[in-house]
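Summary of structural features
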Amino acid sequence: AGAQRLPAKGPEPEAIRQWLKDMRSRPLSAEFAPSRIRREVSRVLWDHVGIIRSGAGLESAMKTLDCMRDEALPRMSARRPFEVMEAAEARNLLEVALMVAAAALHRRESRGAHYRDDCPSPDDRRWLCSLFLRKRGKAVEIEEMSLNP
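Cut-offs applied
Residues numbered from 1 in each chain as written. Predicted model: local features only at pLDDT ≥ 70, side-chain atom pairs only at ≥ 80, totals over all residues. Heavy atoms only, no water. Helix = DSSP H or I, 4+ residues; strand = E, 2+ residues; numbered from the N terminus. Buried < 20%, exposed > 50% of the residue type's maximum accessible area, 1.4 Å probe, protein only. Contact = heavy atoms within 4.5 Å. Polar contact = N/O pair within 3.5 Å; in protein donor to acceptor, adjacent residues only side chain to side chain. Pairing = 2+ DSSP bridges. Core = buried A, V, L, I, M, F, W, Y, C linked by side-chain atoms within 4.5 Å. Axes fitted to C-alpha atoms, helices over the stretch in contact; angles between N-to-C directions. Parallel < 35°, antiparallel > 145°, perpendicular 65-115°, else oblique. Left-handed = near helix turned anticlockwise from the far one by under 90°. Nonpolar A, V, L, I, M, F, W, Y, C, P; charged D, E, K, R; others polar.

Considerations on the overall build of the protein chain
The helix and strand tally for the protein chain stands at five helices and four strands. Each helix (α) and strand (β) of the protein chain, taken in turn from the N terminus, gives the series α-α-β-α-α-β-α-β-β. In terms of principal-axis extent, the alpha carbons of the protein chain reach across some 55 × 35 × 20 Å. Scored against the burial criterion, the 149 residues of the protein chain give a buried share of 32%. For the protein chain, restricting intrachain contacts to residue pairs at least 6 apart in sequence, the fraction spanning at least 24 positions comes to 62%.

Some words on the side chain of Ser77
With respect to the helices and strands, the residue Ser77 is situated in the loop between α3 (55-72) and α4 (81-106). Side-chain polar atoms of Ser77 contact the backbone oxygen of Pro27, separated by 3.2 Å.

Remarks on the pairing of strand β3 (residues 129-136)
In the sheet, β3 pairs with strand β4 (residues 139-146) via eight bridges, with the strands oriented antiparallel. Each bridged residue has a counterpart across the sheet, and for Ser130 the counterpart in β4 is Met145. In textbook terms, the turn of a hairpin is the stretch between consecutive antiparallel strands, and for β3 and β4 this stretch comprises two residues, one of which, Gly137, has a positive phi near 65°.

With respect to the environment of Pro34
As for its position among the elements, Pro34 is in helix α2 (residues 34-48). Sequence separation between Pro34 and Pro120 is 86 residues, and the spatial gap between their C-alpha atoms is 36 Å. Apart from residues lying up to four places away in sequence, Pro34 is in contact with Met76, Ser77, Glu83, Glu86, Ala87 and Ala90.

Here's the deal with the nonpolar core
Counting 26 residues, the largest nonpolar core has Ile37, Val41, Leu65, Met76 and Leu94 as the members making the most contacts within it. Only α1 (13-25), α2, α3 and α4 provide two or more residues apiece to this core. At 10 residues, the largest contribution of residues to this core is made by α4. Not counting residues within four places of it along the chain, the set of residues in contact with Ile37 comprises Phe32, Met68, Ala72, Leu73, Met76 and Ala90.

As for the packing of α3 against α4
In contact at an axis separation of 9 Å, α3 and α4 are set at 155° when each is read in the N-to-C sense. On the basis of the axis angle, α3 is roughly antiparallel to α4. Here α3 runs over α4; the crossing is left-handed. For the pair formed by α3 and α4, the contact residues are Gly55, Leu58, Glu59, Met62, Leu65, Asp66, Met68 and Arg69 on the first element and Leu94, Glu95, Ala97, Leu98, Ala101, Ala102, Ala104 and Leu105 on the second.

Quick look at the packing of α1 against α4
Remark: α1 packs on α4, axes separated minimally by 11 Å, with the N-to-C direction vectors making an angle of 115°. Of the two elements, α1 crosses α4, and the hand of that crossing is right-handed. Of the residues in α4, those touching α1 at Trp19, Leu20 and Met23 are Val84, Ala87, Ala88 and Arg91. Across the contact of α1 with α4, the residue classes tally to six nonpolar, no polar and one charged.

What follows is the structure in structure tokens.
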């Protein structure tokens, strides 16, 4: 069987408390509202990481999502419990979107529901593998595990 993997460690409780404190202390802004950030992430995913993908589109998505993580998330604010929940969901959605886009950009072939118009055919010699992603700070590390015998 394959190598045993331990689950990734989540954020420490103190980091979560600080995030909540920061979120509540920022000035409210419609431009950086959690609901607006969620809509923008969804739009980027639909436009560039959807059913038909391309290397150029995935790179554009990565740049946009990186910018949102660096510019919008630190300015996002929430006061009411529902808004705080929306903010946590927006942050998590953005992190997952970055990982999906990174994996799709890394895999330079088409396989199953992953279709790239710049790499339309499967390539079993190179890509018969599973991808394991791990977040390290702002970077996404990608590890390939071959499925070839």
